[in-house]
Amino acid sequence: MIFIAHGAQKLFGWFGGYGLEGTGQWLGSIGLAPGYLMALLAGGAEFFGGLALVLGLLVRPAAAPLALAMLVAIFSVHIDKGLFMSNNGYEFALVMFAASLSLLLSGAGRASADAALAAAARD
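The structure displayed is predicted, hence computed values, not measured ones.

## Thoughts on the pattern of salt bridges
A complete count under the given rule lists 2 salt bridges for this structure. With a shortest N-O distance of 2.9 Å, Lys10 and Glu46 are connected by a salt bridge. Of this pair, Lys10 sits in helix α1 (residues 2-12) while Glu46 sits in helix α3 (residues 35-55), placing them 36 residues apart in sequence. For the pair formed by Lys10 and Glu46, the shared burial category is buried. Across the salt bridge formed by Asp80 and Lys81, the nearest N and O atoms sit 3.4 Å from each other. Relative accessible area serves as the criterion here: at 65%, Asp80 is assigned to the exposed category.

Structure, rendered in structure tokens:
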């Protein structure tokens, strides 16, 4: 749900976000150009990737861009502020990267839509 909310901030301006235009301007200002495209890619990865994780559908393909987005966030926004969130550090992004990487490597698990579809394909 956290990825979905952060993606919705970037894409739609929900939950106090700035939408594509505002997020794109900010991303461009920190050197991630073209900012609008980067906002669309990051927001899309977070919103739709997060939705896929919640649904347990296409978990591995969704986890890959989420892990990449977290690495970009760590190294382009948070790394110079140290570890801790209290200083806008990379602590939270690192946790989200680790969770995404874990799902990329392990997959969704037995109780997922991915597993149900795989079982149906075998039958």
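## What about the packing of aromatic side chains?
Counting across every chain of the model gives 4 aromatic pairs. Ring centres 6.3 Å apart and planes at 85 degrees place the aromatic pair Trp14 and Phe15 in the edge-to-face group. Judged by relative accessible area, Phe15 falls into the exposed class, the value being 59%. The rings of Phe12, Trp14, Phe15, Phe47 and Phe48 are connected pair by pair, giving a single aromatic cluster.

## Remarks on helix α5 (residues 91-106)
The first and last C-alpha atoms of α5 sit 23 Å apart over 16 residues, in line with the 22 Å expected at 1.5 Å per residue. Considering only its buried residues, α5 is in contact with α1 and α4 (59-78). At the C-terminal side of α5, Gly107 shows a positive phi close to 85 degrees.

## As for α4
Over its 20 residues, α4 runs 26 Å from end to end, which matches the ideal 28 Å to within 8%, given 1.5 Å per residue. Of all the residues in α4, the buried ones are Val59, Ala62, Ala63, Leu66, Ala67, Ala69, Met70, Ala73, Ile74, Val77 and His78. Relative to the axis of α4, the buried residues are bounded by an arc of 165 degrees and lie together on one face. When the buried face of α4 is taken as reference, the exposed residues oriented beyond 90 degrees from it are Pro61, Leu68 and Phe75. Those residues of α4 that are buried are in contact with α1, α2 (19-29), α3, α5 and α6 (113-122).

## Quick look at the side chain of His78
For His78, the position within the fold is in helix α4. In this structure, His78 is in contact with Ala73, Asn88, Gly89, Tyr90 and Ala93, ignoring residues within four places of it in sequence.

## Quick look at the nonpolar core
With 9 residues, the main nonpolar core is built from Phe3, Leu66, Ala67, Ala69, Met70, Ile74, Ala93, Met96 and Phe97. Among the secondary structure elements, those contributing two or more residues to this core are α4 and α5. Here this core gets 5 residues from one element, more than from any other, and that element is α4. Setting aside residues up to four positions removed in sequence, Phe3 forms contacts with Glu46, Phe47, Gly50, Leu53, Leu66, Met70, Met96 and Ser100. Grouped together as the second largest cluster of nonpolar side chains are 7 residues, Ile4, Ala8, Ala39 and Phe47 included.

## Here we look at the packing of α3 against α4
The geometry of a pair of packed helices is captured by two quantities: the angle between their axes and the separation between those axes. Two elements in contact, α3 and α4, have axes separated by 9 Å at closest approach and are oriented at 140 degrees. Here α3 lies oblique to α4, going by the angle between them. Classified by chirality, the crossing of α4 by α3 is left-handed. Residue-level contacts link Ala45, Glu46, Gly49, Gly50, Ala52 and Leu53 of α3 to Val59, Ala62, Pro65, Leu66 and Met70 of α4. The residue makeup of the contact of α3 with α4, split by class, is 8 nonpolar, 2 polar and 1 charged.

What counts, and at which threshold
Residues numbered from 1 in each chain as written. Predicted model: local features only at pLDDT ≥ 70, side-chain atom pairs only at ≥ 80, totals over all residues. Heavy atoms only, no water. Salt bridge = Lys/Arg side-chain N within 4 Å of Asp/Glu carboxyl O. Helix = DSSP H or I, 4+ residues; strand = E, 2+ residues; numbered from the N terminus. Buried < 20%, exposed > 50% of the residue type's maximum accessible area, 1.4 Å probe, protein only. Phe/Tyr/Trp six-rings, centres within 6.5 Å; stacked < 30°, edge-to-face > 60°. Expected span 1.5 Å × (residues − 1). Contact = heavy atoms within 4.5 Å. Arc of directions from axis to C-beta. Core = buried A, V, L, I, M, F, W, Y, C linked by side-chain atoms within 4.5 Å. Axes fitted to C-alpha atoms, helices over the stretch in contact; angles between N-to-C directions. Parallel < 35°, antiparallel > 145°, perpendicular 65-115°, else oblique. Left-handed = near helix turned anticlockwise from the far one by under 90°. Nonpolar A, V, L, I, M, F, W, Y, C, P; charged D, E, K, R; others polar.

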